[in-house]
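Here's the letter readout for the chains.
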Amino acid sequence: MLTVISILTSLSVGIFYPLSFLIHAKDPLKQGFHRFHLGMPLALGGVVSLFLLFGDISILTKGLLLLWLFTLALVTFIYWKKEYPPAGVVAVSSLLGLLAFTSTQLELFNDFQV
């Protein structure tokens, strides 16, 4: 159970952390600090997704995880050298991550009886 909670917590940080761009939309961060806001969720999401891809979850959930990770990597790759990424683009990536998180949560907690 502790492993499931750790995986879901790390996955949720990787999904919701990029939404910090919405908070700073009118006053963007300077000096390339947006790279941290793009790179950290990608690294964390990549590690968690790697564990989940080798786990016993459905192909649909694995596909959603890969789609979210691909869009997050694409956003990071495109906006790495730019001044600041648009908040809407990052929000779309987070929405895909939310779908992957919901599917993962349903599958991981489906096995537990309360």
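Scroll up to find the structure.
Attention now goes to the packing of helix α1 (residues 2-16) against helix α3 (residues 34-53). Look at α1 against α3: their axes get within 8 Å of each other, and the N-to-C directions meet at 145°. The handedness of the crossing between α1 and α3 is left-handed. Counting all contacts with α1, which are made through Ile7, Ser10, Leu11, Val13 and Gly14, the residues of α3 involved are Met40, Pro41, Leu44, Val48 and Leu52.

By secondary structure assignment, the location of Lys62 is in helix α4 (residues 59-79). Of the buried charged residues, Lys62 lacks a salt bridge, with Asp56 as the closest side chain of opposite charge at 6.7 Å. Among the polar contacts listed, one links the side chain of Lys62 to the backbone oxygen of Leu53, at a separation of 3.2 Å. With near-sequence residues (within four places) excluded, Lys62 lies in contact with Leu52, Leu53, Gly55 and Ile57.

What counts, and where the lines are drawn
- Residues numbered from 1 in each chain as written.
- Predicted model: local features only at pLDDT ≥ 70, side-chain atom pairs only at ≥ 80, totals over all residues.
- Heavy atoms only, no water.
- Axes fitted to C-alpha atoms, helices over the stretch in contact; angles between N-to-C directions.
- Helix = DSSP H or I, 4+ residues; strand = E, 2+ residues; numbered from the N terminus.
- Left-handed = near helix turned anticlockwise from the far one by under 90°.
- Contact = heavy atoms within 4.5 Å.
- Buried < 20%, exposed > 50% of the residue type's maximum accessible area, 1.4 Å probe, protein only.
- Lys, Arg positive; Asp, Glu negative; His and termini not counted.
- Salt bridge = Lys/Arg side-chain N within 4 Å of Asp/Glu carboxyl O.
- Polar contact = N/O pair within 3.5 Å; in protein donor to acceptor, adjacent residues only side chain to side chain.

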